[in-house]
Amino acid sequence: MGEMYIFKGKWIGSDMKIEDRRAPVFKKTFGITKEIKKAEILICGLGLFELKINGKLPDDSVLNPAHTQYNKTVLYRSFDVSDLLNNGKNEITVELGHSFFNETTYVWDWHKASWRSFPKLIADLNITYENGESESICTDENWEYTSDGPIIANSVYYGEIHDLRKTDFKWKTALLVDAPEGNLKPQNMPPIRRIGEFKPKEIINKGNGTYLIIAPEMITGWAKFSLCLPENKEIKVVYSENLNKEGYVQKIGKYEGHDGPWWPDEYIQQDTFIGNGKPCELEPKFSYKGFRYIQVENCPLEITEDNITIYRVANDMEIISTFECSDESVNKLHEIMQRTLFNNFQGKPTDTPVWEKNGWLGDFSCGLLSIMFNFQMAEYLKNFVEIMNDCFEAYGNVPVMVPSAEWGLENSPVWNTVYIFSCEALLDYYNEEEYVKSLYPNLKKFALNDIETLSNQGWVWGHKGLADWLSPMGEADGEIDPGSSEGCEICGTAFIYKMLLSIIKIAEILGETDDISIYKNACENIYKAFNERFYNSEKQIYETTFWEQKGLRTKYRQTSNLLPLAFGMVPEENKKAVLENLVNDIIAKDYHFDTGCTGVKFVLPVLYDNGCSDVAYKVLTQRTYPSWCFWLENRADTAWESWETTTRSQDHYFLGSYDEVFFTHFAGVKDVKNGYESFTLAPQLDCGLQYVTVSINTPFGKLVCDWKINDNNTITVKISIPEGTKAKVILSAEERIEEILGGGEYEWTISK
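### Looking at unusual backbone geometry
The residue after Asn64, namely Pro65, is reached through a cis peptide bond having omega -10°. Look at the link from Tyr625 to Pro626: it is a cis peptide, with omega at -10°. Turning to its location among the elements, Pro626 is positioned in the loop between helix 12 (613-620) and helix 13 (629-633). The residue Ser99 is not glycine, and still its phi comes out positive at about 50°. Inspection of the secondary structure puts Ser99 in the loop between strand 7 (88-97) and strand 8 (120-129). Positive phi, close to 60°, is recorded for Gln269, a residue that is not glycine. One can find Gln269 in the loop between strand 19 (234-240) and strand 20 (270-274). Looking at Gln269, the relative accessible area reads 0%, which means it is buried.

Following this line, the structure appears as structure tokens:
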């Protein structure tokens, strides 16, 4: 997580109570009489901070620092502020928001969090002068604060209330307070910024001071209004993904909207601004929203595109790849997944930017490879793994979502095995051997815990636990029951088996060879018990011993058969029949999958890997329910949480795992090792497309795979391999080419 800095300053706070929702402001005035060579400030303000030096922001980042497992880790930021200091009088101001450090929402027990406290601050401003002298301005009891600032309420869920009339503050002496329980560590991942700027697609005057603003696409972030609100005039700004039947924003809370009872007393996703009669820029500071629609209420002024700017707010992640193919629907699906991921990157990968804002691990497991191919993930992934590791150390298990306020601690392998898969990805894609080795003792404990659990129950998982979440219900506009009809037996057992294969690989890379036999023996026991318990030799399918009818779901479960095929758990003599029955079910359902988030990730890989390209392409481009292109038919520009039109969220990435196939199969990028030092390029030339162009910026340089089917029934393949790497190139059509190649550019024309 980076080299640790030891703060000289002390933690300071105010006299605010824990239930107080105001945003305190701290300040320090000091003088400088020497010429400055360099000045750097290191700062942690919890839950969130906005820092200004002489009234200016140190950079364009927002929502600092990122959410962590606060009882184990809190993050600090560092800023070069050399150009912001004056010779003479200077002033530092820091405004603090609550965020998850002091959240009142009870749904996930945030209100019970052991770390919960009033906002607090620590900072060191380290100045080096041209004459070689140095000085530090540090937080202590000589700072001042006011709890009477302009933000009179703030919550990451509910939103904020800004009273712009508050400009004359009463300052008090800052109080020394207890440090948070977590260790201070640097925030190394890309910060959150306003990464996109938009104008409204449409503004509708609904009358009576109400304006409906339609964004050009689904967005996570907020809007900024440049208005001169009359003094004492109060307006509300409400954000939502949906409209109600009357054509107004669908509010959430007070028992209204999806999961409205979660917030029985107030609406979420809304900001209030009270005017002071002066021109102001109105935007939130310590919360973000997910939305397509914005509703401004009680506004006496006209809202036009000239006085509103809409921002996408997310971690400023570098996009490392490009993808284009001959099917415009597939291109749109790629755009949808990438946009949805950005909309859920706010310090941690979240499930929805509206309702939950939580780091659900099942979602991340589904999207892991798609994310790795789209973004530079080295520091971001390490940060998220660190949160998983902190939870493991705090609770003895990795919860179903992280961070966690002791909520969701039950062991759920389909969700939490991504702890191991993420470490495997760090080794493969970034060669983070030293970092993963530091975690290995905990990784081993995690694996041994699952081995012990399975060994005590016949080497198979029980039916309880999160599994194939949100399988289709059978009706496109029907009610949704997210749980698995077939329970967790097959999914849970299969994911532990796959996790053990991954930790065997990790142990081999790290030289932890003494442990490998333990993992392998467990795999052998699981493999045998899995087939004895779940394989029906008469039907030649895998099925669980549990069933709960939900909607119109059929008892043949595609996921129950996809996972053993994908994870190598089907004996060779049974593989053909299991695959045929899977394909027959897909065809019988008119080339539709019948899977939730867990199974849908493996539909295309299993079909393409087993010679069923025609079926795979029909499934990918299917436009009726349930399918990915059904979203396109319904004008979606982000991935949905469910297959049905009645989905809660329309901005939820875990069903969009098709995107990894665009890289692993259409471009054939597989078996990545040691940060792309070696890899396989085996493009699926019979995937159903006429051309594919993919590029990936690897640590060694740009990797390119570009192929197209020509009119003369030949295929031209162009590949660029970064210098310093080695690629196993496999081209399979009428003829087969297999070569080991180093850095360079290559071209083939082969018969189709």
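From this point, things continue past the structure.
### Quick look at the packing of aromatic side chains
By the definition in use, this model includes 50 aromatic pairs. Ring centres 6.5 Å apart and planes at 65° place the aromatic pair Trp628 and Trp643 in the edge-to-face group. A residue pair is termed long-range when its members are at least 10 positions apart, and Trp628 in the loop between helix 12 and helix 13 and Trp643 in the loop between helix 13 and helix 14 (659-664) qualify at 15 residues. Given a relative accessible area of 0%, Trp643 falls into the buried group. Measuring from ring centre to ring centre gives 5.6 Å for Tyr658 and Phe662, while their planes differ by 40°; the resulting arrangement is tilted. Each member of the pair, Tyr658 as well as Phe662, carries the same accessibility label: buried. Here the basic side chain of Lys120 rests over the ring of Phe118, its NZ or CZ set 5.3 Å away from the ring centre. Seen from the ring of Phe602, Lys601 lies directly overhead, with NZ or CZ sitting 5.9 Å from the centre.

### Re the nonpolar core
Counting 224 residues, the largest nonpolar core has Phe225, Ile310, Met388, Leu500, Trp628, Phe666 and Trp707 as the members making the most contacts within it. Each residue touching Trp628, except ones within four places of it in the same chain, is listed here: Leu333, Phe593, Val600, Leu604, Val619, Leu620, Trp643, Leu655 and Tyr658. Phe49, Ala123, Ile127 and Trp143 belong to the second largest nonpolar core, which has 26 residues in total.

### Thoughts on empty space enclosed by the protein
Summed over all chains, the structure comprises 3 cavities of 30 Å³ or more. In this model, the largest cavity occupies a volume close to 120 Å³. If you go around the largest cavity, you meet 13 residues; those closest to its centre are Leu48, Leu63, Ser99, Tyr288 and Gln346. Here the lining of the largest cavity is composed, by residue class, of 8 nonpolar, 4 polar and 1 charged.

### Focus: helix 2 (residues 361-374)
Every α-helical turn comprises 3.6 residues, leaving residues that sit three or four positions apart pointing alike. Under the 1.5 Å per step criterion, the end-to-end length of helix 2 is 19 Å for 14 residues, consistent within 8% with the ideal 20 Å. The sharpest bend along helix 2 reaches about 55° and sits at Gly367. Counting buried positions over the 14 residues of helix 2 gives 13, a clear majority of the element.

### Describing the pairing of strand 33 (residues 736-741)
Regular strands show a simple pattern: their side chains alternate between the two faces of the sheet. The pairing of strand 32 (residues 726-732) with strand 33 spans 6 bridges and is classified as antiparallel. Within strand 33, the position partnered with Leu731 by the bridge is Ile737. Connecting the antiparallel pair strand 32 and strand 33 is a turn made up of 3 residues.

### Quick notes on helix 1 (residues 328-342)
If you check helix 1, its first and last C-alpha atoms are 21 Å apart, about what 15 residues at 1.5 Å a residue would give, namely 21 Å. Most of helix 1 is tucked away: 12 of the 15 residues are buried. Regarding helix 1, the residues found buried are Ser329, Val330, Asn331, Leu333, His334, Ile336, Met337, Gln338, Arg339, Thr340, Leu341 and Phe342. You can read the cap of helix 1 off the contacts: a side-chain oxygen lies 2.9 Å from the backbone nitrogen of Ser329, and it is on Asp327.

### Quick notes on the pattern of salt bridges
For the structure on display, the rule yields 42 salt bridges. A salt bridge links Glu486 to Arg557, with the shortest nitrogen-to-oxygen separation between them at 3.5 Å. Separated by 71 residues along the polypeptide, Glu486 in the loop between helix 6 (433-455) and helix 7 (489-510) and Arg557 in the loop between strand 26 (541-542) and helix 9 (558-566) bring together distant segments of the chain. Residue classification places Glu486 among the buried residues on the basis of a relative accessible area of 2%. Looking at Arg557, the relative accessible area reads 3%, which means it is buried. We note a salt bridge from Asp594 to Arg557, for which the minimum N-O separation is 2.9 Å. Linking Asp594 in the loop between helix 10 (572-588) and helix 11 (597-609) with Arg557 in the loop between strand 26 and helix 9, this pair joins segments that are 37 residues apart in sequence. Each of Glu486, Arg557, Asp585, Lys589 and Asp594 takes part in a single network of salt bridges with overlapping partners.

Definitions and cut-offs
- Residues numbered from 1 in each chain as written.
- Predicted model: local features only at pLDDT ≥ 70, side-chain atom pairs only at ≥ 80, totals over all residues.
- Heavy atoms only, no water.
- Helix = DSSP H or I, 4+ residues; strand = E, 2+ residues; numbered from the N terminus.
- Buried < 20%, exposed > 50% of the residue type's maximum accessible area, 1.4 Å probe, protein only.
- Phe/Tyr/Trp six-rings, centres within 6.5 Å; stacked < 30°, edge-to-face > 60°.
- Lys NZ or Arg CZ within 6 Å of the ring centre and 35° of its normal.
- Core = buried A, V, L, I, M, F, W, Y, C linked by side-chain atoms within 4.5 Å.
- Contact = heavy atoms within 4.5 Å.
- 1 Å grid on protein atoms, 1.4 Å probe; cavity = no way out; pocket = protein on both sides within 12 Å on 5 of 7 lines; lining within 4 Å.
- Points joined across faces, edges and corners; volume = space filled by probe spheres on them.
- Nonpolar A, V, L, I, M, F, W, Y, C, P; charged D, E, K, R; others polar.
- Expected span 1.5 Å × (residues − 1).
- Bend = angle between axes of the 7 residues up to and from the residue.
- Pairing = 2+ DSSP bridges.
- Polar contact = N/O pair within 3.5 Å; in protein donor to acceptor, adjacent residues only side chain to side chain.
- Salt bridge = Lys/Arg side-chain N within 4 Å of Asp/Glu carboxyl O.

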